[in-house]
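# Coordinate inspection notes
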Amino acid sequence: MIILKDIKCEYCNNDIEIATANDEFGVRFVSHGVCVYCGKEIVLPNESLKGFKKYYIYKNQEEDFKVIIAGSREFNNYNLLKLKCDEILKNKMQTHNIIIISGTARGTDLLGEKYAEEKGFEINRYPADWNLGKRAGYIRNTKMAENADALIALNCGTRGTNNMIEIAKRNGLLVRVISC
Ligand SMILES: [Zn+2]
């Protein structure tokens, strides 16, 4: 049985479980769940028929693993990013629920989001607050590092990327740097 993480019973607010076969990406094509407490059958939102992973995550089978994908705004080699991320995350995605953390800037950040969407990974977005002035990027990077387990950096040698790597190391994140 699999317990859904983000949805509770609409009658008693207890956990909902689904009984169905699962594959490596989780459960697909599930339309109904059953409350573990009151036994009511719960119709799940339509979204569950498509991107299961976006909405329902195993509560008791997978832990979150949050990965920042960051790098230059000029970086545009999606195939390289995908190849490297697949390689680096291959084992983790078997045992963990991968969440991609994005700074939402053009270039690497948005390619990281594209990668997440393609893989069915959840995305946590951290846009910089430019009202804060010049330090906005730094503050945003720090916030991301404080909420992540790892950083995959596509490093074209830009200052922002080096800054992200430095902050990630300081926060004890696992860091993988790919030269581009
Ligand atoms: Zn219930």
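To be clear, the structure that these remarks concern was listed above.
Scoring rules and cut-offs
- Residues numbered from 1 in each chain as written.
- Predicted model: local features only at pLDDT ≥ 70, side-chain atom pairs only at ≥ 80, totals over all residues.
- Axes fitted to C-alpha atoms, helices over the stretch in contact; angles between N-to-C directions.
- Helix = DSSP H or I, 4+ residues; strand = E, 2+ residues; numbered from the N terminus.
- Left-handed = near helix turned anticlockwise from the far one by under 90°.
- Contact = placed C-beta atoms within 7 Å.
- Nonpolar A, V, L, I, M, F, W, Y, C, P; charged D, E, K, R; others polar.
- Buried ≥ 20, exposed ≤ 12 C-beta atoms within 10 Å, placed from the backbone.
- Arc of directions from axis to C-beta.
- Expected span 1.5 Å × (residues − 1).
- Pairing = 2+ DSSP bridges.

This part covers the packing of helix H5 (residues 136–146) against helix H6 (residues 159–170). Following both chains from N to C, one finds H5 and H6 inclined at 40°, their axes separated by 9 Å at the closest point. The two elements H5 and H6 meet at a crossing, and its hand is right-handed. For the pair formed by H5 and H6, the contact residues are Gly137, Tyr138, Asn141, Thr142 and Ala145 on the first element and Gly160, Asn163, Met164, Ile167 and Ala168 on the second. In terms of residue class, the contact of H5 with H6 is built from five nonpolar, five polar and no charged.

Here the focus is the environment of Ile101. Here Ile101 shows up in strand S6 (residues 96–102). For Ile101 and Asn124, which are 23 residues apart along the polypeptide, the C-alpha to C-alpha distance reads 4.8 Å. Each residue touching Ile101, except ones within four places of it in the same chain, is listed here: Lys66, Val67, Ile68, Asn124, Tyr126, Met144, Asn147 and Ala148.

Quick look at H5 now. Turning to H5, its buried residues number three or more, namely Arg140, Asn141, Met144 and Ala145. The buried side chains of H5 occupy one side of the element, clustering within an arc of 135° when seen end-on. The inward-facing, buried residues of H5 abut strand S5 (63–71), S6 and H6.

Bringing helix H4 (residues 108–119) into the picture now. An α-helical segment advances 3.6 residues per turn. Residues three or four places apart therefore align on the same side. The terminal C-alpha atoms of H4, which comprises twelve residues, lie 16 Å apart, in line with the 16 Å expected from a rise of 1.5 Å per residue. Restricting attention to buried positions, one finds in H4 the residues Thr108, Asp109, Leu111, Gly112, Tyr115 and Ala116. For H4, the angular spread of the buried residues around the axis is 165°, confining them to a single face. Contact partners of the buried residues in H4: S5, helix H2 (78–89), S6, strand S7 (122–125) and strand S8 (150–155). Gly120 lies just past H4 and shows a positive phi near 80°.

Phi is positive for Asn13, which is not a glycine, with a value near 65°. Relative to the assigned elements, Asn13 resides in the loop between strand S1 (2–8) and strand S2 (15–18). Residues other than glycine seldom take positive phi values, yet Thr104 does so here, at roughly 65°. The residue Thr104 is located in the loop between S6 and H4 in this model.

The next thing to look at is the sheet that holds strand S9 (residues 174–179). Pairing is parallel across the open sheet formed by five strands, whose spatial order is S7-S6-S5-S8-S9. One side of each edge strand has no neighbouring strand; the edge strands of this open sheet are S7 and S9. This sheet shows a mean twist of 25° between the axes of neighbouring strands, independent of strand direction. As paired elements, S6 and S7 share four bridges and run parallel to each other. Bridging from a neighbouring strand, Ile100 pairs with Ile123 of S7. Strands S5, S6, S8 and S9 of the sheet are contacted by H2, whose axis makes an angle of about 155° with S8. With respect to the sheet, H4 is in contact with S5, S6, S7 and S8, its orientation differing from that of S6 by roughly 150°.

With that settled, consider the pairing of S5. Pairing of S5 with S6, which is carried by six bridges, proceeds in the parallel orientation. Bridging from a neighbouring strand, Phe65 pairs with Ile98 of S6. Judged from the five bridges that link them, S5 and S8 form a sheet pairing that is parallel. Bridge assignment links Gly71 to a residue of S8, and that residue is Leu154.

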